[in-house]
Amino acid sequence: MNSAKPFTVHSSRTIMFAELAQVMDYAVAHDNRFLQALRENIINKRTRVNQEKTERLLVKLYGFDQEEPAFKCFKYFWARAEAAEKSVLALLFCIGRDYLLGESISVVLSTPIGEKVSTEKLEANVEALHPKQFSDNTCGSIARNIVSSWKQAGYISGKVKSIRTQTKPGYLAVTFALLLSYLNGGRGDFIMKSKWVKALGIGEEQVRELAFEAAKRDLLQYQFAGTVTTITFSNLLTKLGIHGI
């Protein structure tokens, strides 16, 4: 197998939302001690081996680097989001950090609401984009883990059939999706077409309505006139001490 591609957590785990929530909630309440929370086994793993593996994969996926702009923003929105929306924030954050999860957006969201999300299509997508990169068994594991990640965020439901559903992201999730695109170089209408915005699973009109709601709360600066979109985050980035973007 070609080892040139970067490591992907989804070859063995999911977005691990339950464990992430334990770490985030504890650390936000205890002086932002994210790595300390992991070392203290806040995630409640029974064996040392499982604890260390989970810790390593959580750090790989989320970083917990308080100097990194994306994580600074993630922490800010996490502290303000309702419980149901936090899982969407986690999915959005991971899309930029795990390439296989990001590449699954089209397969999952093209599945009509109420129909089964096909693991076979997800496997075929992985193989088409990365031929001979993964074994058949690993492709199967990746597909199941990807389904689980989307399920944790509310886009798939059911223990057995994995039925496509649709969560209802609010203005915080929409702002975070737009912001992640902005941090990665997106500007204007290109932000609206980014993978983070696509992953919300809602139409452009609704995205724009929620962006307007966010603008009223000074989370972003948003203008849309005719065919020209202007989105900036100068006030929020200054507030978070993020400069030079």
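Reading the values: rules and limits
- Residues numbered from 1 in each chain as written.
- Predicted model: local features only at pLDDT ≥ 70, side-chain atom pairs only at ≥ 80, totals over all residues.
- Heavy atoms only, no water.
- Pairing = 2+ DSSP bridges.
- Helix = DSSP H or I, 4+ residues; strand = E, 2+ residues; numbered from the N terminus.
- Expected span 1.5 Å × (residues − 1).
- Buried < 20%, exposed > 50% of the residue type's maximum accessible area, 1.4 Å probe, protein only.
- Contact = heavy atoms within 4.5 Å.
- Salt bridge = Lys/Arg side-chain N within 4 Å of Asp/Glu carboxyl O.
- pLDDT = per-residue confidence, 0-100.
- Phe/Tyr/Trp six-rings, centres within 6.5 Å; stacked < 30°, edge-to-face > 60°.
- Lys NZ or Arg CZ within 6 Å of the ring centre and 35° of its normal.

Undergrad: I'd like a rundown of the pairing of strand β3 (residues 221-225), residues and numbers included.
TA: Pairing of β3 with strand β4 (residues 228-232) involves 5 bridges; the strand directions are antiparallel. Each bridged residue has a counterpart across the sheet, and for glutamine 223 the counterpart in β4 is threonine 230. Count of turn residues in the β3/β4 antiparallel hairpin: 2 residues, of which glycine 226 carries a positive phi of about 65°.

Undergrad: Any chance you could break down unusual backbone geometry for me, citing the residues and the numbers?
TA: With phi around 60°, asparagine 32 is a residue other than glycine that occupies positive phi space. Along the polypeptide, asparagine 32 turns up in the loop between α1 (17-29) and α2 (34-39). The phi dihedral of lysine 132 is positive, around 65°, even though this residue is not glycine. Tracing the chain through its elements places lysine 132 in the loop between α8 (119-129) and α9 (136-152).

Undergrad: Tell me about α9, and name the residues and values.
TA: When the terminal C-alpha atoms of α9 are compared, their 25 Å separation across 17 residues agrees well with the 24 Å that a helix rising 1.5 Å per residue should span. Looking only at α9, the buried set comprises Cys139, Gly140, Ser141, Ile142, Ala143, Asn145, Ile146, Val147, Ser149 and Trp150. For α9, the elements touching its buried residues are α5 (83-95), α6 (99-103), α7 (105-109), α8 and β1 (156-157). At the exit of α9 stands glycine 154, carrying a positive phi of roughly 95°.

Undergrad: Break down the pattern of salt bridges for me, citing the residues and quoting the values.
TA: Pairing between side chains becomes possible if they bear opposite charge and their charged atoms approach one another. Tallied over the full model, the rule gives 9 salt bridges. For aspartate 25, the salt bridge goes to lysine 86, with nearest N and O atoms at 3.5 Å. Within this pair, whereas aspartate 25 is found in helix α1, its partner lysine 86 is found in helix α5, the two being separated by 61 residues in sequence. Look at lysine 86 and you get buried, because its relative accessible area is 15%. For lysine 216, the salt bridge identified is with glutamate 213, shortest N-O distance 3.1 Å. Of this pair, lysine 216 and glutamate 213 both sit in helix α13 (residues 204-216), separated by 3 residues, roughly a single helical turn. Put simply, Asp189, Glu204 and Arg208 are held in one network by salt bridges that share partners.

Undergrad: Explain the confidence of the model for the protein residue by residue, including any values.
TA: Summarising the model, the protein shows a mean pLDDT of 93, and 98% of its residues fall at 70 or more. Element-level mean pLDDT values for the protein span from 85 in α2 up to 98 in helix α10 (residues 171-183).

Undergrad: Would you mind going over the packing of aromatic side chains in detail, with residue names and values included?
TA: Geometry of an aromatic ring pair is reported as the spacing of the ring centres plus the angle between the planes. For the structure shown, the criterion picks out 16 aromatic pairs. Ring plane angle 20° and centroid distance 5.8 Å describe the contact between phenylalanine 34 and phenylalanine 64, whose orientation is recorded as stacked. In this pair, phenylalanine 34 is assigned in helix α2 and phenylalanine 64 in the loop between α3 (48-62) and α4 (69-80), connecting sequence segments 30 residues apart. Across the pair, exposure class does not vary: phenylalanine 34 and phenylalanine 64 are buried alike. Ring geometry for phenylalanine 74 against phenylalanine 93: centres 4.8 Å apart, planes inclined by 15°, an arrangement best described as stacked. Residue phenylalanine 74 is found in helix α4, and its partner phenylalanine 93 is found in helix α5; the two are separated by 19 residues along the sequence. Of the residues examined, phenylalanine 74 reaches a relative accessible area of 0% and is grouped as buried. Given the relative accessible area of 3%, phenylalanine 93 is considered buried. Among the aromatic residues, ring-to-ring pairing joins Phe17, Phe34, Tyr62, Phe64, Phe71, Phe74, Tyr76, Phe77, Trp78, Phe93 and Phe176 into one connected group. Here the basic side chain of arginine 208 rests over the ring of phenylalanine 224, its NZ or CZ set 3.6 Å away from the ring centre.

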